[in-house]
Amino acid sequence: MSTGPTESQPASPTARPRRRRLLLLALAAVAVGVAGGWWLRTGGPAPPAVPEGVGADVGAAISAARGEVVADRTSAAAWGRLGLVFTAHGFDDRAADCYREAHRLDPTDDRWAYMLGLYNLHDGRDPAAAVGQLEAALACRHRTTAREGAIRLRLAELYLAERRLGDAERLFREHLERDPLDPRCRLGLGVTLLHAGRPAEAVESLKGATASPLTARQATTTLAAAARLIGDQDGAARYEQQAARLPEDLAPPDPFAADAAAARVDRQDGYEQVAALEQAGRLRETVPLLTRMAEDPADVRAAVTLGQTLSLLGELDAAERYLRAACARDPAHVRAALLLGTVLFDLARKETADGDRRTRLYRESADTCRRAVELKPDLAMAHFCRGKATQGLGDLPAAIPHFRRAVECRPEVPQFHLGLLQALADSGLTEEAAARLPAAERVIPADHPELILVRKRLGGGGKPDSQSKS
Amino acid sequence: MKLVPALTWLIALGSTSAAGCSSAPPPAPAATSPAWFEDVTDRVGINFVVDPGPVGSYRMPQIVGTGCAVFDCDGDSRLDLYLMHNVAPDSASRNRLYRQRPDGTFEDASAGSGLDFAGPCMGAAVGDVDNDGRPDLLVTLVGGVRLFLNLGGGKFADASAEAGIRNPGWATSAAFLDYNRDGRLDLFVVNYVDYDPSVPCLGAGGEKDFCSPKSFPGTVSRLFRNRGPVPAAGGRPAARVGFEDVSVLSGVGTLPGPGLGVYCADLTGDGWPDVFVANDGAPNRLWVNQRDGTFKDEAASRGVAYTIMGQAFAGMGVAAGDLDNDGLVDMYVTHLSNETNTLWKQGPRGMFSDRTAESGLPATDWRGTGFGTAVADFDHDGWSDLALVNGRVVKANPEPAPGLPGFWAPYAQRNQLLANTGGGRFKDVSAANPAFSGRSNVGRGLACGDLDGDGAVDLVVTATAGPARVYRNVCPDRGHWLQVRVVDPRWNRDAYGAEVTVTAAGQRRLRVVTAAGSYLCSSSPVVHFGLGPAAAVDAVEVTWPDGLAEQFPGCPADRALTLRRGEGARR
């Protein structure tokens with residue numbers, strides 16, 4: 001018979017406290033673990049506060065994203081999401097703090113290093129830091145090839161800006177192996193080669209970027225420089241002229257920046273909406289918006305914009321109404337006076353039945369444009385409008401000084417030269433018209449039918465001379 | 001046209017963030033070397049605070065500022081100052097002419113000078129338009145220009161009407177040059193935007209602020225051909241000098257842009273003067289002289305329209321000079337603080353490339369929105385340095401700016417000095433120059449010249465709502481120097497456009513004779529060379545504006561020469 005303790009036997013008086021100690025230690029370890037886990041999730045750096053003075057929508061969005069961070073401070077995704085919300089609403093420094101923490105928690109996620117890089121690029125804060133961050137982003141795993149490509153191109157462009165031409169060329173070429181037709185990359189490589197003193201190679205690359213609306217203008221501009229370096233002066237001039245006619249290049253899409261854009265919750269103000277609609281060519285849709293805004297008697301700008309929009313849409317009577325209201329509200333508003341003057345002129349021109357009304361409209365147009373000129377003496381369009389209205393009243397000699405003044409104020413505008421030339425020719429002042437013709441020919445397209453007509457009337461034939469604008 | 005699309009996007013997206021994100025101004029780093037300049041404004045008797053007019057209306061010309069002229073108005077070989085206000089014509093704040101006395105102090109000689117008028121003044125250009133040996137003065141204004149003929153003895157006559165110069169727009173910088181090489185100085189006037197004062201603008205935080213140039217269309221520059229004296233004809237009285245507006249015929253009046261800065265020199269190597277115009281937020285223009293009275297804009301193909309990244313920054317002031325002593329003029333243009341001031345180096349001749357990154361210029365102790373800027377060898381080490389004056393155009397967290405009215409404090413920034421350490425690489429020495437760089441101002445104009453005749457280049461700064469300040473060059477242990485005034489006796493005046501090359505200790509250094517450059521200012525046309533340890537000059541070569549090249553004999557250093565065309569050996 002054993003005398004030692006068995007499992008079924010009660011513990012000896014010395015064993016009981018030891019077990020209790022072990023139990024307590026285990027409980028303490030669990031408690032420490034729980035506390036540590038809780039601290040890890042809820043401790044650490046505090047997320048940036050909601051900025052003072054933000055709108056309710058923005059405040060709510062930031063609070064919600066911030067709440068996710070507070071709930072789990074170990075979540076890189078939560079920190080990153082909060083950073084995006086801050087970026088979306090223009091709180092860049094707060095956003096950078098969030099991206100920094102997100103990148104620390106998950107250095108393998110390319111988004112946070114990239115956004116930090118963008119932050120340091122913004123306003124030229126710290127391009128050297130941006131290089132390191134973009135290099136880190138490129139070394140991360142990538143969710144999509146588009147994201148990888150965006151990082152590579154951005155880094156290559158940064159190398160170019162820093163004149164690390166070898167590094168830039170290497171990355172651009174790496175990118176071209178994956179996407180040989182990417183115009184942004186062709187442009188970047190072309191610029192790099194040009195700066196590396198290899199203009200002939202640059203030309204080949206740049207030609208692949210001249211058709212894209214993202215790169216056409218800069219590619220054509222750079223081609224002009226390459227052509228001049230090669231010694232092709234005609235080519236340089238040709239490309240330079242082409243570039244001058246091209247619209248500004250569009251910004252290429254950036255998937256990372258799009259994430260931030262998607263986080264924006266504040267509503268565009270009325271004018272931003274109007275501008276967006278105008279840019280999209282949806283002018284008609286701005287009318288109800290502007291009409292609502294113009295109901296505020298203090299918002300003269302809305303009434304003026306509405307008047308201008310209505311006149312562009314051909315609704316002259318409505319335009320006149322709003323512009324009169326704008327002039328009444330702010331008699332010193334230059335644009336309101338100018339637009340009202342031009343709308344009255346258009347109304348007069350359209351008035352074919354009622355001669356008295358037509359005369360009245362011309363007179364009021366001339367008078368309104370005179371007021372605009374008093375407010376801004378170098379307002380060329382107002383001088384021109386005044387001249388046209390005076391001409392409409394049948395007083396051509398009185399109109400000519402106004403046309404002269406319009407040309408003097410804005411000599412680069414073809415319409416003003418034509419108006420003056422025609423008025424001079426109609427008045428028999430052919431000597432002055434002939435003297436002014438060479439300057440007019442520098443700004444009016446050579447094949448402009450009215451210019452050809454004026455030339456014929458002045459006895460110069462219809463052929464453009466060599467200096468005419470083509 | 002940008003290679004950094006998302007950044008641009010973020011800038012646009014974050015347009016409401018500027019106020020919220022502005023960090024406090026960085027503390028001034030400790031001085032590490034002796035100062036180059038001391039503020040002698042009070043000591044020399046200059047007491048002029050630029051009046052920008054009443055605040056609160058946010059009239060855009062107020063933030064664009066006002067420049068000055070440094071020139072010898074009375075022929076006594078001492079430099080005088082012309083300082084301007086930006087006010088209504090009926091204001092009591094009238095421009096002032098300060099004449100320098102033999103003891104180096106200045107006296108207010110405005111009364112009776114013909115220059116003490118009030119107006120929305122912007123800039124000044126100096127040139128002897130009637131070849132009488134006396135420099136004349138052009139003042140640019142919002143809505144016009146005024147030409148004052150120098151009658152001698154510090155007296156001027158307004159000849160704007162008789163000269164036939166009409167510039168109805170908002171004129172900013174201007175320059176005299178002989179673009180057709182006929183011996184008479186012609187006039188190039190840069191115009192800014194078609195400003196409409198009834199358009200209100202809001203800043204970053206939704207508060208009222210000054211408009212950006214993007215709010216208005218740009219306007220064209222003007223070129224006026226000097227016709228010389230014009231006899232009376234057809235009932236019109238005779239004119240001492242007449243100008244013909246050839247803006248459109250020459251081509252420069254066909255392409256508008258928001259112009260602020262200007263520089264004139266032969267920038268293509270064909271011997272004819274070209275014109276560079278710095279545009280504010282639009283591609284710069286390089287008007288290349290076609291030698292037939294016309295110009296073509298070749299800025300894009302010659303590399304100075306955009307930065308290396310294809311960006312059209314907010315060009316303000318222009319400093320041009322040979323920064324790496326390679327015999328070619330380089331261009332430095334000041335921009336906004338969230339951009340980078342850009343250095344376009346020339347090479348090969350007639351071609352420019354953005355070399356900002358490798359010049360060390362971005363690595364400054366702080367950044368500012370740059371306006372007036374000047375290239376000169378301040379320490380006479382043989383390498384040209386850079387000075388620039390700063391001041392914001394939109395509100396930000398105010399920097400301490402003692403004495404500046406509260407309205408202007410959010411626009412104040414500190415000026416900067418950048419030392420050329422050799423080969424066109426720069427280091428920021430602002431911290432060591434508290435007099436010039438330690439005080440915040442809404443800096444705009446910067447003109448230079450050797451005011452005290454000690455052989456070193458001094459500076460004059462104008463600032464919106466602040467005192468005009470005179471900074472005397474006190475750089476210790478300066479190297480040797482040479483000053484050269486080049487005069488064409490046929491025309492009885494300084495040979496604007498001449499190129500002067502000095503050889504000393506085997507090193508050639510180039511300067512171009514001009515009074516134009518910087519921002520809204522006119523500087524002394526006397527060219528200045530720092531020679532480092534070289535105590536003698538081996539030779540001086542002058543290429544005159546008509547192409548004649550002459551060599552003049554060498555001489556000991558540390559002196560001022562006057563060289564006349566025809567007195568050197570033809571080369």
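Residues numbered from 1 in each chain as written. Chains lettered and ligands numbered in written order. Predicted model: local features only at pLDDT ≥ 70, side-chain atom pairs only at ≥ 80, totals over all residues. Heavy atoms only, no water.

1. A few points about the overall build of chain B
- Helix and strand counts for chain B stand at eight helices and 39 strands.
- In terms of C-alpha radius of gyration, chain B reaches 22 Å, essentially the compact-globule figure of 25 Å for 571 residues.
- The principal-axis extent of the C-alpha atoms belonging to chain B is close to 65 × 65 × 50 Å.
- Here chain B holds 571 residues, and 65% of them are scored as buried.
- Excluding contacts between residues fewer than 6 apart, the proportion of contacts in chain B whose partners are at least 24 apart in sequence is 59%.
- Computed over 50 positive and 63 negative side-chain charges, the inter-centroid distance for chain B is 2 Å. (Helix = DSSP H or I, 4+ residues; strand = E, 2+ residues; numbered from the N terminus. Rg over C-alpha atoms; globule rule 2.2 N^0.38 Å. Buried < 20%, exposed > 50% of the residue type's maximum accessible area, 1.4 Å probe, protein only. Contact = heavy atoms within 4.5 Å. Lys, Arg positive; Asp, Glu negative; His and termini not counted. Charge placed at Lys NZ, Arg CZ, Asp CG, Glu CD.)

2. Focus on the pairing of strand β30 (residues 469-473) of chain B
All names here are of chain B.
- Most of β30 sits out of view: four of its five residues are buried.
- In this sheet, β30 lies alongside strand β1 (residues 37-39) in antiparallel orientation, the contact comprising three bridges. Of the residues in β30, the one forming a bridge with glutamate 38 is arginine 472.
- Sheet topology places strand β29 (residues 458-463) next to β30; three bridges connect them, and they run antiparallel. Along β30, the bridge assignment pairs leucine 459 with tyrosine 471.
- Counted along the chain from β29 to the antiparallel partner β30, the turn is five residues long, and its residue alanine 465 has a positive phi close to 65°. (Pairing = 2+ DSSP bridges.)

3. Quick word on the interface of chain A and chain B
- Taken together, the contacts link 59 residues of chain A with 56 residues of chain B.
- Summing the contributions of chain A and of chain B, the shared interface buries around 4,900 Å²; its carbon and sulfur component is 60%.
- Scanning the region where chain A abuts chain B turns up five salt bridges.
- Residue B:Arg166 pairs with A:Glu408 through a salt bridge whose shortest N-O separation is 2.6 Å.
- Counting across the chain A and chain B interface gives 17 residue pairs in polar contact (both at pLDDT 80 or more).
- If you tally residues by element for the side of chain A that touches chain B, the top one is helix α11 (residues 216-230) of chain A, at seven residues.
- Residues belonging to the side of chain A that touches chain B are distributed by class as follows: 24 nonpolar, 11 polar and 24 charged. (Buried area = accessible area lost by both parts, 1.4 Å probe. Salt bridge = Lys/Arg side-chain N within 4 Å of Asp/Glu carboxyl O. Polar contact = N/O pair within 3.5 Å; in protein donor to acceptor, adjacent residues only side chain to side chain. Nonpolar A, V, L, I, M, F, W, Y, C, P; charged D, E, K, R; others polar.)

4. Observations concerning the environment of A:Asp299
- Tracing the chain through its elements places A:Asp299 in the loop between α15 (286-294) and α16 (300-312).
- Considering only alpha carbons, one finds A:Asp299 and A:Asp182, 117 residues apart in sequence, at a separation of 46 Å.

5. Let's talk about the sheet that holds strand β18 (residues 318-321) of chain B
Residues and elements named next belong to chain B.
- Read across the open sheet, the four strands follow the order β18-β19-β20-β21; overall the sheet is antiparallel. One side of each edge strand has no neighbouring strand; the edge strands of this open sheet are β18 and β21 (352-354). Going across the sheet, the axis of each strand differs from the next one's by a mean of 20°, ignoring polarity.
- When β18 meets strand β19 (residues 330-333), the two strands line up antiparallel, connected through four bridges. Paired with alanine 320 across the strands is methionine 331, a residue of β19. (Axes fitted to C-alpha atoms, helices over the stretch in contact; angles between N-to-C directions.)

6. Considering the sheet that holds strand β39 (residues 569-570) of chain B
Residue and element names in this part refer to chain B.
- The strand order β34-β33-β36-β37-β39 describes an open sheet built from five strands, whose pairing is antiparallel. Edge strands, defined here as strands with exactly one partner in the open sheet, are β34 (507-512) and β39.
- Here strand β37 (residues 549-556) runs beside β39; their pairing, made up of two bridges, is antiparallel. The residue bridging glutamate 550 from the neighbouring strand is arginine 570, located in β39.

7. Examining the environment of B:Ser198
- Turning to its location among the elements, B:Ser198 is positioned in the loop between β11 (186-191) and β12 (222-230).
- Judged by relative accessible area, B:Ser198 falls into the buried class, the value being 15%.
- Along the backbone, B:Ser198 and B:Val333 are 135 residues apart, and their C-alpha atoms lie at a distance of 31 Å.
- If near-sequence neighbours (up to four positions away) are discounted, B:Ser198 is found in contact with A:Ala332, A:His333, A:Val334 and A:Arg335.
- In terms of polar contacts, B:Ser198 uses its side chain to reach the backbone amide nitrogen of A:Val334, at 3.0 Å.
- A distance of 2.7 Å separates the side chain of B:Ser198 from the side chain of B:Asp196, its partner in a polar contact.

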